Every structure is written in C-alpha cells, then in structure tokens.
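# Structure at a glance
Next come the chains, spelled out residue by residue.
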Amino acid sequence: MDDFLAARSQMALSLGFHIIYSCIGMVMPVFMAISHYKWIKTQDPVYKNITVAWSKGVAIFFATGAVSGTMLSFELGLLWPGFMKHAGPIFGMPFSLEGVAFFIEAIALGLFLYGWNKLNNWVHWTAGVIVGISGVASGILVVSANSWMNSPSGFDFVNGQYINIDPIKAMFNKAWFSESLHMIIAAFSATGFAVAGIHALMIYRKKNIAFHTKAFKIAIIFGAAAAILQPFSGDLSAKNAAKRQPAKLAAMEAYFHTQEYAPLVIGGIPDTAAKKVNYGLEIPGLLSFLVHDNFKTQVNGLDKIPVKNQPPVAVTHYAFQIMVGIGVLMMLMGGIYFYELWKKKDLLSKPWFLKTFIWATPLGFIALEAGWTVTEVGRQPWIIQGVMRTSEAVTPMPGIQYSFYLFSFIYFSLSVAVIFLLKRQIQMVPELYDRKTAQP
Amino acid sequence: MMLYIVILFLFAAITLYFLLGGADFGAGIIELFTSTDNKHRTRNIMYQAIGPIWEANHMWLIITVVVLFVGFPVIYSEMCIYLHIPLLVMLLGVIARGTAFSFRNYDAIKDEKTQAFYTHIFVYSSFVTPLFLGIIAGSALSGQIDPKATDFLHAYIFSWFNWFSVSVGFFTVALCGFLAAIYIVGETEDVDEIKRYIRKAKIMNIAAVICGALVFLASHFEHVHLASWIFGNPVSLVSVIAATISLVVLYLIISHRRNRQWIRVLAAFQVCMILISVGFSRFPRFVIFKDGSSMSLLTEHANSNSIDDLGIGLLVGSLFILPALGYLYYAFKKKDR
C-alpha cells in the first residue's frame, strides 16, 4: 500500500467512524430532551426512565465521538499538512466556532449527566436542550467547513498564492446550506431509525413493552419525518453539485456522454474504459429534469472533464445508488408509519411492522456512509475542488500504512466495545431502568 | 493587536489544558501508583471529582489545535510533519483514555473482569498521554527538529526521541500527578484520606523535582541552553523564584492540613509559573529548528482577516464558555457544603 493511498484510507476510516458517533451524539440529546420534557410535564416515571437509559447511551457515544473528533482535528494536519498550511486560515472560521459549540456541549452534557437530583428540573432540562442545540450547531459548522472544500470561496487563487482571504465568505460558501441541511436531516433519520429499530426488537421480544413503546415513538417520529423530508434536500444537493461539481454529478450518475434528454441510470455496472453502463435501467430525460427542471436541457457528462480530473466513477456511482435506494425505502417506511398513525391503528402489536423496523435498524447509517462516500470520493482528485489536488496535500512522512493498520485495529476494537456496551445497557433495562424509579 | 489577543488565547488554552486536563491525567497516574487495597476508594473519590468535568477539561486541547491551525497554519503543519509520531501516540492515548474512562462508568454490568480491563487501559493511557505531550513540547523548543534531515531516523525519530524531550515528558507526568494529588486533597473530608493524599502529593512533588533536575541534566547533553533561558531574563527569573517560594509555602500549609483551597491555588500557581518562565524566555519563538532558525508567532501567522475573525470568534465564544464553565464547576463543588 503506498503512502498516499494509506493516508486517504486512514482519513476515510476516521471520518467514517466519527460520523456515526457524532450523528448519534448530536441527535440522541434531542430525543432525550423530548422524553425528559414529557416526564416533567406528565410525571410518568417511564419517561424519566427512558431519559436516564438514553443518557447512558449518549455518554458512551459522546465520549467516543469526542475523542475521534479530537483525533480528526489533528489528522487534518498529520496526514494533509500541505492542505492545512493554506486552507487552515481560510476555512478555519467554522472550526473555531465549532470548538466553541463543542465546548458548550461538553459543559452542558456534564451538567445534564450528573445533574439529576442536584439541579432544579427545568435548569436540568435546559442543560439537555443546550446539549442538543450545540450538537446540531457543531454539525452544521463542521459540514460547512467540508462544503468549502467542495465549493471553495472567500479567497483568490493567483499564481499559486492564496490572497484576499475572507473567512466569513468562505464559511458561507455556496454549498454550505444544502450540504449541512442534507447532513443534519440524514443524522436525524439514521439515528431515529436505528434507535426505533432497537426498541422495536425489544417490543417484538415482548420485553418491557410500555417502556420500549414510548421510546420507539419518540425516535420514529423524528426518523420518519426526516426520511420523508430528505429527498427534497437531496434534490437541492444534486442541483448544487451539477452547478459547481459537474464531475461529481456525472460520476454519481455514471453519466459518460453529454446529451440532451439526459437519461437517469438506475443501478448498473459502470465500465469506465468503454464509457458505458452495463445492465442499468435508463429513464430518458429524467436526469435533465432533475438537474434543470426541463426534460430536454443538455447535461454535461464526464466527456467534458479531462481524464486526470475525473473522480472514480464506479465507487461514486455505487455509493450514490445505495444512498438513494435506501433513502427511498426509508421514506416509504416513514410514510407507512404516519399513515397508520393517522388511521389510529395499533401497529406495535403487528409482527410484520415490528420486523420491518428491526431490519431497518442499520439502514440509515449505511445510507449515511454511502452519501459521505459520494461527497468525498466524488470530489477526487481534488482536496479543494479545482484548486489543490489531494496528492499535493499529503504528508512527506513515509510509512503511513502502519498508522493506517493501527487505526483500523483501534476503530474496529472501539466499535466492538461500543456494541458490547450497548448490548449490556439493553440487557439491563429491566433491572436498571424500567422500575418505579431508575437510578441516574 | 488582534494577533496578541489570539496569542494570549493560545497560551491560556495551553495553560488551562495543563492545569485542568493535566489533573485528569494525574488522576489516572495516581491510580496507577496506588496500592491495590486502596484503589477502590481512590477511584471513587476521583470519579466524583472528574466525572462531570473531564470532557470540558479536554476541550482546551481542541481550542489549542484550532487556534494553531487557523492562526498559525505553517507552524501547525511543520509540527504535524516532524512530530507526527509523538502526536499520533498522544492521540492514541487521548482516545484510549477517554473511552476507557467512559466505558468504565457507563458499562451497565460492573463485573470485575471488564472493569479491571477498562482500568488497565485508563491508567496506562493516563501515563502515556502527558508523557508524549511533554515530549512534543520539549521537542518544539529544544531545537532537535531538523528539516534538512534526509533519512527517516533523523527527520522523524530523533526530532523527538532525545534525552531532553523525553525528560520533559517525564517532568510533565510528574507535574500532572502532583496537581491531581493536590486537587484531590480538597475533595474528601476523611482525615486519613487527606493524610494519604498529602503524602502522595509530596511524593509526586519530589518526583517532579527529580525529573526537573533530569531535564536540566539532559539539556546539558543536548546543548539546550535551558539555564540561560530561565535565568537570562527577568520575567522568567522572577517566575522561577515565585514558583520556588510557593513550593515552600505549600509545604508549610500542607503540613498543617489547613486551607485546602489555598493548596490548590498554590499548586496551580506553581505550574503556571513554570510554563510562564519557559514560555516567556522563548517567546515569540514557538518551534526551534536544529540549525538555530525558528518559527515565530509574530511572523508565521495567518493573514490579518483570518486573525481578526479568529480573535473575535474566541472573544465572543469565551463570553459563552467561561460563565457556563464557571457554573459547571460551581454546581458540582457546592455539594460538599
């Protein structure tokens, strides 16, 4: 494995790992705050128990997310010093604000986790809400830093020099809104479905039904609503990519030849050498319509991009297909949930319904990782779109593959540990949480 | 002007990370050196002390890094290249320590075997992390980084693996242990416990003095003119004298076991003085190279727009952070009274 590939793999691994923990750490506090609110309002102890049980999960995920995030802030420099040397001051604004938001989140989390029986109920609740708000704010800020790499602005690049730097303009680059929106909605739908799926499993096994039913409902309402909203935000993101990153869009769609009535290709195996897609389903004109709101308008394909500036087509295309496929599935499930809720059907006694949601537990996160792959691999070979190549940014230090192996081992062990801990938390629900009064 | 505010935040963040995060590491270091029969009680006291605040304490590291890469990107990237390995080891320590501490407390089933496993990881990583933090600081200042080196060993290993850097690492570990022991003295009302922690604090202090002497010895071997740094300018000299006097005062107070809040202040003061003494003597140099050239905070900074925005961001941010942090400490300290 050469050093460049090793550095890219290590970065991908670290981000792919961090993204799961940060999304859960960002969304779970919101669920927690809802349940906590219901407890304060109704005094129904089940809600307090759910809040306490969830807060333990949040603590585990938050710690893992925080340390992997610390790791990432160093990895930017350790692996890509050539990038940080120039980009740091330009896209650093959202990072400094994120530092502040994250700090506040850590303080509020300390107050929340250890504040039971110490703080006034509403002060305590507010601490939880602040954890949620600052978590979501951190998410938006970090993603706007990433969107700057996709849509660089706030500087002029003249003769290899970065001049006229404006960090505020860089932060509010043209992609920040669509990308952050897409990420935050994805975090809510992935976490909502994952949490709901776990509680559905426990209902299916007929364990602590009252407890798990209430928990399921809070999670799925967010998950389902987010899943239904996501296609709209996805459409916004795709149009954005078409405008500023035509190579990424073309790779996503495995769209090789510029044409009018551009077809949307569903599935299929891209053959980059022959510049065609085998076994795909083509819907004529649909890509033109999605990008330009008109079935006829020409869409630029990969043939307009020099080969040395093209991203890997197959990976980007597969990842995009997986994301969209799962997204559609989750949207349908969300629709079914709301429809049956509206019809006032007793869904949670139906095994087919529970089974569907149990199967869907990991789906959101698979889609999330796939989407992240689309945005990162689709930007290659650039680290700053059109300005700096990833290969120019990599550290001169040799032997990066050993660090990659080491981190693969660490992240693998941490994932195993977190799953193990989560299993034990769920296993202990009857003893620890679903009682008259849970011990925080 | 804004540049000085940013530099002030950088040093404040480093100092606070040392005083607060360092004490957290110290908690693990003390646990590592506590006899088995006392381990359980020590752990409980320390858990109560650092449980609610450890996440916040470690945010100072994030602030430090962000200020470095936004405000001083060239310094940050050079450090990342030549100190890649110690930074990596330190980060592994951060990961292992943070997760092990959380997992130990939030494992729903507290069986002995897994708890012992988490504890193992926690105490050893609590030792390794400040060791490498010290090594990084020592390497940045000691002039062992050689950008002209052509082979792997000289470029990426000897830049940090040398007598001076490693002795600074051990000195850091001892100081963290000392801080933690002193902080914990104020956490308990039990007279026997207090005695025990005072003894620990004294041992850690002796260890720090020995390690400090080693640093001086190593500086001689590595041709680092540490003595002239510290005694060569009035501010550093006064800081060192102040640290020494506060050590004597600390010993007097500690032996009477009174004014436990003052002990904390004095210990923190001592560590601050050591940091100021070294920091001031090297200022504005932040990284010094083998050929005697250096990277200065006053010249290797980002463009003025980025510095201004960073400074404003930090000032506004601290309006939120400091009161919140104050409330966090207050909320968990008032319980004893």
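Let us look at the structure shown here. (Residues numbered from 1 in each chain as written. Chains lettered and ligands numbered in written order. Predicted model: local features only at pLDDT ≥ 70, side-chain atom pairs only at ≥ 80, totals over all residues. Heavy atoms only, no water.)

Turning our attention to the pattern of salt bridges. All told, the structure shown has 9 salt bridges over all chains when counted by the stated rule. The shortest N-O distance in the salt bridge between Asp293 of chain A and Lys239 of chain A comes to 3.5 Å. Residue Asp293 of chain A is found in the loop between α9 (286-292) and α10 (313-342), and its partner Lys239 of chain A is found in helix α7 (residues 209-244); the two are separated by 54 residues along the sequence. For Asp293 of chain A, a relative accessible area of 53% puts it in the exposed group. With a closest N to O distance of 2.6 Å, Lys148 of chain B and Asp291 of chain B form a salt bridge. Of the two residues, Lys148 of chain B is situated in the loop between α7 (112-142) and α8 (152-157) and Asp291 of chain B in the loop between β1 (285-288) and β2 (294-296); the sequence distance between them amounts to 143 residues. By relative accessible area, Lys148 of chain B is classed as exposed at 61%. You can call Asp291 of chain B partly exposed: its relative accessible area is 46%. If you follow the salt bridges from partner to partner, you end up with Asp235, Lys239 and Asp293 of chain A in one network. (Salt bridge = Lys/Arg side-chain N within 4 Å of Asp/Glu carboxyl O. Helix = DSSP H or I, 4+ residues; strand = E, 2+ residues; numbered from the N terminus. Buried < 20%, exposed > 50% of the residue type's maximum accessible area, 1.4 Å probe, protein only.)

What follows is about unusual backbone geometry. All names here are of chain A. In this structure, Pro381 follows Gln380 across a cis peptide bond, with omega equal to 5°. The phi dihedral of Gln43 is positive, around 60°, even though this residue is not glycine. Along the chain, Gln43 turns up in the loop between α1 (3-42) and α2 (45-79). We classify Gln43 as partly exposed; its relative accessible area is 48%. The phi dihedral of Asp293 is positive, around 60°, even though this residue is not glycine.

Next up on the list: α10 of chain A. With 30 residues, α10 of chain A should cover 44 Å at 1.5 Å per step; its first-to-last C-alpha distance of 43 Å lies within 8% of that length. Positive phi shows up at Lys344 of chain A, right after α10 of chain A, with a value of about 55°. (Expected span 1.5 Å × (residues − 1).)

Don't take any of this as a statement about function, it's just geometry.
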